[in-house]
Amino acid sequence: MTIEQTYLNYIDGKWTPSVTGRVTASLNPADTNDIAGYVQDSGEEDLKLAVSAANRAKGAWRKLSGAARGDYLFKAANLLEARLADIAETMMREMGKTLAECKGEAARGVAILRYYAGEGMRKIGDVIPSTDNEAMMFTTRVPLGVVGVITPWNFPVAIPMWKMAPALIYGNTVVIKPAIETSITAAKLLACFEEAGLPPGVVNMVTGDGATIGGGIARHPDIHGITFTGSNKIGKQIGQTALARGAKYQLEMGGKNPLIVAEDANLDLAVEAAISGGLKSTGQKCTATSRILVQASVYETFRAKLVDQVKRLRLGNGNDSATWMGPCANERQRDTVLSYIDKGIAEGANLLCGGGVPADEELKLGYYVQPTVFDGVTSKMTIAQEEIFGPVLALIPFNHLEEAISVANDVEYGLSASIFTQNIGNILAFIADMDAGLVRINAETAGVELQAPFGGMKQSSSHSREQGQAAIEFFTSIKTVFLKA
Ligand SMILES: NC(=O)C1=CN([C@@H]2O[C@H](COP(=O)(O)OP(=O)(O)OC[C@H]3O[C@@H](n4cnc5c(N)ncnc54)[C@H](OP(=O)(O)O)[C@@H]3O)[C@@H](O)[C@H]2O)C=CC1
Ligand SMILES: O=C(O)CCC(=O)C(=O)O
């Protein structure tokens, strides 16, 4: 799998150096002197080899029973579980979140694999009455063929697993291009599939630059479906390229998720949810809380409690058990977050805490940004409209719930939204009127359950859903069978 900490591509059941001969270092964003290893900076030739291997493997893989494919996934889950500590540590070194969060995510990867392994034994069709009483009509499902998987760095285990596991169980073969930052973690996941005994070509990984390998996946005529999580800009490009050549695609993109705090809410729980939902993983979740709308009568109390607790959050290397929040995952991300903070100040928002790079000497080598809270934010400001993907919270007061829901909906995204209230009328209005794929009551905006559909409205997704049984809709095509003797 490696030559001196240089991780290879996985193509046709073999660990393979890239045709380009180039490698890229994977840096620890908590300490850029620490190099986690080197990964292949591959070219289109490498991708072609992987796609050919996946196409050769697809016929035999789709002919296996769902239960047989499930056995492979159960084995991969056991291997991932056995290597959980190492994979969590690798993830932490590659993208910076705390070891506790990384371990939680690796365990989630195991659970996702087991969930989809079980799917191999569940129904894949319906019997539908025919108007011809001598005929039988039913649906069955067939795989797409080769699925291209393009993943970001923020959930280096969970996102590849919730895309690869359903792709595989429903009979597709896979070519994955992970984010360059977290390609070593991805290599360790692929090793679990290898050692689980998946036949050569069923899973393949090519690491490298997004435009070359990700773009190559979108363009390749022998890739039949593309599943992507990442930014809106790249997602839209992939969608257009896939549409132009008639490939199926699924896009999970940004969020600008609101948390509404009504005056009857338990304020301590609401503060806890704002901090956990907004700042865990350094705010780098598409479901992260970004806007906090608080009813005027409790605004000052809520603000004081929130700022007091945010100021106490401890930044540091994720390997220190005292650390609550790690760095941004890379330099570009850190600079983006700082530029949004500058815009907030320039547009007249009031900085309550944070607002820059921490002064501590021991944090100088990492891409840290202080957890930041603004108030005096209006819905039209950039920090209330655009996805920041960093540890920045914007407080907005409101008087009536209808006004809060209208402001909450006043963005181009619609992924997740929460309300804290005890009032059933408020709850029902929120469920009915909030334009979001996930609506959560008395719970934070982040944190999705693997057995439930996940996805957004408006610009947050391509309107499809991932995870749970919803995944079958993307990874298969329906065949309607009309059968007569
Ligand atoms: N919804 C979510 O969960 C995520 C949202 N984001 C949002 O995106 C912003 C930028 O983050 P970033 O990492 O640059 O996100 P990108 O959308 O650029 O990256 C996501 C994935 O797409 C790949 N990619 C990049 N360019 C192309 C391309 N032209 N064609 C096909 N694939 C491509 C990337 O490869 P590589 O990076 O290796 O070159 C990566 O694997 C964040 O600030 C955040 O707002 C980011 C990550 C996750
Ligand atoms: O909140 C979660 O657990 C999932 C978030 C997510 O899918 C993402 O940020 O890409």
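Just so it is clear, the model here is predicted, and its values are computed rather than measured. (Residues numbered from 1 in each chain as written. Chains lettered and ligands numbered in written order. Predicted model: local features only at pLDDT ≥ 70, side-chain atom pairs only at ≥ 80, totals over all residues. Heavy atoms only, no water.)

Quick look at the site of ligand 1 now. Around ligand 1 sit 28 residues, and of these Thr151, Trp153, Ile180, Ser231 and Glu387 come closest. At 3.3 Å from an oxygen atom of ligand 1 is found a side-chain nitrogen or oxygen belonging to Asn154. Within the contact set of ligand 1, an oxygen atom lies 2.6 Å away from a side-chain nitrogen or oxygen of Ser231. Here ligand 1 loses 88% of its free accessible area of 860 Å² to cover by the protein chains. Judged by its atoms lying within 2 Å of the grid points, ligand 1 is housed in the largest pocket. Going through the elements one at a time, helix 7 (210-219), strand 11 (225-229), helix 8 (232-244) and helix 11 (331-346) are the ones with two or more residues in the shell around ligand 1. Looking at the shell around ligand 1 element by element, the count peaks at four residues for helix 7. Partitioning the shell around ligand 1 into residue classes produces 13 nonpolar, eleven polar and four charged. (Near = heavy atom within 4 Å. Polar contact = N/O pair within 3.5 Å; in protein donor to acceptor, adjacent residues only side chain to side chain. Areas by Shrake-Rupley, 256 points an atom, 1.4 Å probe, with all protein chains shown as cover. 1 Å grid on protein atoms, 1.4 Å probe; cavity = no way out; pocket = protein on both sides within 12 Å on 5 of 7 lines; lining within 4 Å. Sits in = over half its atoms within 2 Å of the grid points. Helix = DSSP H or I, 4+ residues; strand = E, 2+ residues; numbered from the N terminus. Nonpolar A, V, L, I, M, F, W, Y, C, P; charged D, E, K, R; others polar.)

There is about 1,200 Å³ of room inside the largest pocket. If you go around the largest pocket, you meet 43 residues; those closest to its centre are Trp153, Gly230, Ser231, Ile234 and Arg332. Elements with a minimum of two residues in the lining of the largest pocket: helix 7, strand 11, helix 8 and helix 11. A breakdown of the residues in the lining of the largest pocket according to their chemical character gives 17 nonpolar, 16 polar and ten charged. (Points joined across faces, edges and corners; volume = space filled by probe spheres on them.)

Under the UniProt annotation, "domain: Aldehyde dehydrogenase" (unreviewed entry) lies at residues 15-481. For residues 15-481, helix accounts for 41% and strand for 21%, while the C-alpha atoms at its two ends are 41 Å apart. (UniProt positions renumbered as here; feature names shortened; annotations may be inferred.)

Under the definition given, this model contains two cavities of 30 Å³ or more. When its volume is computed, the largest cavity comes out at roughly 80 Å³. What lines the largest cavity is a set of 14 residues, and nearest its centre among them are Gly283, Ala288, Ser290, Ile388 and Phe389. When the residues that make up the lining of the largest cavity are grouped by side-chain class, the tally is five nonpolar, six polar and three charged. Size it by volume and the second largest cavity reaches roughly 50 Å³. Going through the elements one at a time, strand 13 (257-261) and strand 18 (413-414) are the ones with two or more residues in the lining of the second largest cavity. A breakdown of the residues in the lining of the second largest cavity according to their chemical character gives seven nonpolar, four polar and four charged.

Quick look at the UniProt feature "active site" (unreviewed entry) in the chain now. Under the UniProt annotation, the feature "active site" (unreviewed entry) is placed at Glu252. With respect to the secondary-structure elements, Glu252 resides in strand 12 (residues 248-252). Apart from the residues lying within four places of it in its own chain, the contact partners of Glu252 are Phe228, Thr229, Gly230, Leu415, Phe454, Gly455, Gly456, Ser460, Ser461, Ser464 and Glu466. (Contact = heavy atoms within 4.5 Å.)

To continue, consider the environment of Gly104. Assignment of secondary structure puts Gly104 in helix 4 (residues 99-119). It is 28 Å that separates the C-alpha atoms of Gly104 and Gly66, two residues lying 38 residues apart in sequence.

With that out of the way, let us pick up helix 6 (residues 183-195). Across its 13 residues, helix 6 extends 18 Å between first and last C-alpha, which sits within 8% of the 18 Å expected from 1.5 Å per residue. Within helix 6, eleven of the 13 residues are buried, which leaves the element mostly enclosed by the surrounding structure. (Expected span 1.5 Å × (residues − 1). Buried < 20%, exposed > 50% of the residue type's maximum accessible area, 1.4 Å probe, protein only.)

Direction of pairing for strand 2 (residues 6-7) relative to strand 6 (residues 31-40): parallel, over a ladder of two bridges. Residue pairing for strand 6: Thr6 is matched across the bridge by Tyr38. As paired strands, strand 5 (residues 23-28) and strand 6 are joined by six bridges and run antiparallel to one another. From the neighbouring strand, Leu27 faces strand 6, where its bridge partner is Ile35. Connecting strand 5 to the next strand, strand 6, in antiparallel fashion are two residues. (Pairing = 2+ DSSP bridges.)

Judged by nonpolar contacts, the single largest core of 66 residues is most densely connected at Leu73, Leu113, Tyr116, Met164, Leu168, Phe193 and Val203. By residue number, the principal contributor to this core is helix 5 (residues 158-169), which donates nine residues. Residues in contact with Leu113, not counting those within four places in the same chain, are Leu73, Ala76, Ala77, Leu80, Met161, Ala165 and Phe193. In this structure, Tyr340, Ile383, Ala394 and Ile419 belong to the second largest nonpolar core, which totals 30 residues. (Core = buried A, V, L, I, M, F, W, Y, C linked by side-chain atoms within 4.5 Å.)

Around ligand 2 there are 13 residues in total, and Arg108, Asn154, Cys286, Thr287 and Gly447 lie nearest to it. In the model, an oxygen atom of ligand 2 is placed 3.0 Å from a nitrogen or oxygen of the Arg108 side chain. A distance of 2.9 Å is found between an oxygen atom of ligand 2 and a side-chain nitrogen or oxygen belonging to Asn154. Coverage of ligand 2 by the protein amounts to 99% of the 290 Å² it exposes when considered alone.

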